[in-house]
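Examination of the molecular architecture
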Amino acid sequence: MKLSWLALVLGLLLGGAGWFGWKRPAAAVAAARRFPRSVPWGTGLMLLATVWFLYYVAQENIADFAAIKPHLMVAFGVIGIGACLFVKDYLGARGLAVLWLLLAKLMVDTGRPHLEDTSWVLVNQTLAYVLVVAGIWVTISPQRLRDWILWATATEARWRGTSLATLALGAGLVVLALTAYRGL
């Protein structure tokens, strides 16, 4: 994937989320508060993460694992589906955490070849490592996502500030995609 396209898509997603939070705060707050324990969202995100992870495992060419690769694929698939069936508490938070980790890998892998082209790639790489830390933290204790959301939604001013920051981050990524990352 091209770095410019990745930054553009991420920027538009973040910008859209920030815009929605700014324009419709009551609906956005209600949705955000329900998200960490949402089984439908969690199931969808966990299944998406499972498929994405299985894709990465299928692409792996380490000879030491070649003999057991089919068994690993089945085991990881069963674990992903099993998490959807048997680990319903904070499934939304868990699914999002795994997606953050996979997205961070994609961001680092996409940006790595262009580190010498422009130092602006470090914005992308830094955001990826923030996602890694957040993903690990929420994987270990998924109630932290609920706590972060409760903090951000405690007052309308705080929620609007969070939404504005999300919108600004998205806009910044779009600007990078159209300028510094253009052609990368």
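Each remark here, short or long, concerns the structure printed above.
Note that this is a predicted model, so its numbers are computed, not measured.

1. Quick look at the overall build of the chain
Secondary structure assignment for the chain yields eight helices and zero strands. Ordered by position from the N terminus, the helices and strands of the chain form the series α-α-α-α-α-α-α-α. Whereas a compact globule of 184 residues would reach a radius of gyration of roughly 16 Å, the chain reaches 18 Å, a difference of no more than 12%. C-alpha extents for the chain along the principal axes are approximately 55 × 45 × 20 Å. Summarising the internal contacts of the chain: among those between residues at least 6 apart in sequence, 77% fall at separations of at least 24. Roughly 10700 Å² of accessible area belongs to the chain as shown, and the carbon and sulfur atoms make up 72% of that amount. In the chain, 16 side chains carry a positive charge and 8 a negative one; their mean positions are 13 Å apart.

2. Things to note about the packing of aromatic side chains
The final tally for this structure, using the stated rule, is five aromatic pairs. Residues Trp52 and Tyr56 carry aromatic rings whose centres are separated by 6.2 Å and whose planes lie at 35° to one another, so their mutual orientation is tilted. Residue Trp52 and its partner Tyr56 are both found in helix 3 (residues 39–59); the two are separated by four residues, about one turn of the helix. Since its relative accessible area comes to 21%, Trp52 is described here as partly exposed. With centroids separated by 6.0 Å and ring planes inclined at 50°, the aromatic side chains of Tyr55 and Tyr56 adopt a geometry described as tilted.

3. Here we look at the packing of helix 3 against helix 4 (residues 69–86)
It is the contact of helix 3 with helix 4, at a shortest axis distance of 9 Å, that shows an interaxial angle of 170°. When the axis of helix 3 is compared with that of helix 4, the two are roughly antiparallel. In this structure, helix 3 contributes Thr43, Met46, Leu47, Thr50, Phe53, Leu54, Val57, Ala58 and Gln59 to the contact, and helix 4 contributes Lys69, Met73, Phe76, Gly77, Gly80, Ile81, Ala83 and Cys84.

4. Some thoughts on unusual backbone geometry
Residue Tyr90 is not a glycine yet carries a positive backbone phi of 60°. When its relative accessible area of 6% is taken as the criterion, Tyr90 is described as buried.

5. Side note on helix 2 (residues 25–34)
Turning to helix 2, its buried residues number three or more, namely Pro25, Ala28, Val29 and Ala32. With its buried residues spanning 100° around the axis, helix 2 presents them on a single face. Residues of helix 2 that are exposed and angled more than 90 degrees away from the buried face: Ala26 and Arg34. Among the structural elements, helix 1 (3–23), helix 7 (143–152) and helix 8 (156–178) are those in contact with the buried residues of helix 2.

Cut-offs applied
Residues numbered from 1 in each chain as written. Predicted model: local features only at pLDDT ≥ 70, side-chain atom pairs only at ≥ 80, totals over all residues. Heavy atoms only, no water. Helix = DSSP H or I, 4+ residues; strand = E, 2+ residues; numbered from the N terminus. Rg over C-alpha atoms; globule rule 2.2 N^0.38 Å. Contact = heavy atoms within 4.5 Å. Areas by Shrake-Rupley, 256 points an atom, 1.4 Å probe, with all protein chains shown as cover. Lys, Arg positive; Asp, Glu negative; His and termini not counted. Charge placed at Lys NZ, Arg CZ, Asp CG, Glu CD. Phe/Tyr/Trp six-rings, centres within 6.5 Å; stacked < 30°, edge-to-face > 60°. Buried < 20%, exposed > 50% of the residue type's maximum accessible area, 1.4 Å probe, protein only. Axes fitted to C-alpha atoms, helices over the stretch in contact; angles between N-to-C directions. Parallel < 35°, antiparallel > 145°, perpendicular 65-115°, else oblique. Arc of directions from axis to C-beta.

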